[in-house]
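Chains, contacts and geometry: an overview
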Amino acid sequence: MPNLRAIETFVKTLEGGSIASAARQLGITPAAASQNIARLERDLGTRLLTRTTRSMALTEAGERYLARVAPVLEQLEQAQSDLSQLHGQLQGRLRVSCMSAFGRHVLAPLLPAFIARHPGVQLELLVVDRQVDVLREDVDISIRYRDVLEPGMTVRPLASVPRWLCASPAYLAAQGHPRTAEDLLEHACLLYRREVDGRLMRWPFVRGGERADPPLRIAAIGTDIDALAQMAVHGAGIAWMGAFIARPLIERGLLQALPMAPARKGRLQFTDAPLDFFACFRDRQYVPAKVRAFVDHLVQSLPAGH
């Protein structure tokens, strides 16, 4: 009978799209993963994968074998996860991805308590602003805001974070204090470009109940919101950012929040548009105990309006 480790390597290779991905998931070298698959093929007496330097594909035998063993391996992993939860000892690696600013300012301070509570879990944090492929990169939980959710994802709401317009006291002293949405059109604006898709994050203007996109005086565009916040601190203009970035800078007197007065009917209005964050899972049918425990920890630890 084929070795279970070899079967696991074969399945993880197909899930992640490469032998290197399977090796990372299993904590072994790519050479060892390749040897496991070769051993499995020898034991079965048939070729499961066709490999070149640039591609990999299942043979007909490989497709049939994968269809049979993948569900069995999943059931074994579920049984192990359930038993570990029963004994109160969560085990194994947990890979979490999130956007950079959220990871730095919100997530990282919450992690030590989870690590202390579950020492058997090896936490790996992937902090990036690009689109993460949860299957190929073996990510258990992807934390994303609403605008970058993918269709079909299994999600759980985590937090709704207000966003504030902010500028430095020095900028406001020199350029004046905007009071209305139309005032903003006369000020230097610092805009965020999403690295995920290259799109500018539009400010939430409306006119007559319809979304509006008035011409702004764009002083700078950046793909890192912390960099834009620092530009605002040093007087470059007005930035629109999540409260978890703005609040500490406001408390230190480096930035000032700019609430917009309500507009008369038919005039330009700047609306509230919070950042809604979600925990996203790759498996719609089964969520491992360590994943549930991590998300429960976040839901319980995240302060309202953070």
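Note that this is a predicted model, so its numbers are computed, not measured.

Conventions and cut-offs
Residues numbered from 1 in each chain as written. Predicted model: local features only at pLDDT ≥ 70, side-chain atom pairs only at ≥ 80, totals over all residues. Heavy atoms only, no water. Salt bridge = Lys/Arg side-chain N within 4 Å of Asp/Glu carboxyl O. Helix = DSSP H or I, 4+ residues; strand = E, 2+ residues; numbered from the N terminus. Buried < 20%, exposed > 50% of the residue type's maximum accessible area, 1.4 Å probe, protein only. Polar contact = N/O pair within 3.5 Å; in protein donor to acceptor, adjacent residues only side chain to side chain. Contact = heavy atoms within 4.5 Å.

**Side note on the pattern of salt bridges**
With the rule as written, the count across this model stands at 13 salt bridges. Glu8 is paired through a salt bridge with Arg5; the nearest N and O atoms lie 3.2 Å apart. Taken as a pair, Glu8 and Arg5 lie in helix α1 (residues 4-16) at a separation of 3 residues, close to a single helical turn. For Glu8, a relative accessible area of 18% puts it in the buried group. Since its relative accessible area comes to 35%, Arg5 is described here as partly exposed. Across the salt bridge formed by Glu137 and Arg130, the nearest N and O atoms sit 2.9 Å from each other. For Glu137, a relative accessible area of 18% puts it in the buried group. A single network of salt bridges, built from pairs that share partners, joins Arg93, Arg95 and Glu124.

**Let's talk about the side chain of Asp129**
Within the secondary structure, Asp129 sits in the loop between β4 (121-127) and β5 (141-145). A distance of 3.0 Å separates the side chain of Asp129 from the backbone nitrogen of Ser100, its partner in a polar contact. Contacts of Asp129, omitting those with residues within four sequence positions, involve Met99, Ser100, Tyr192, Glu195, Val196 and Thr223.

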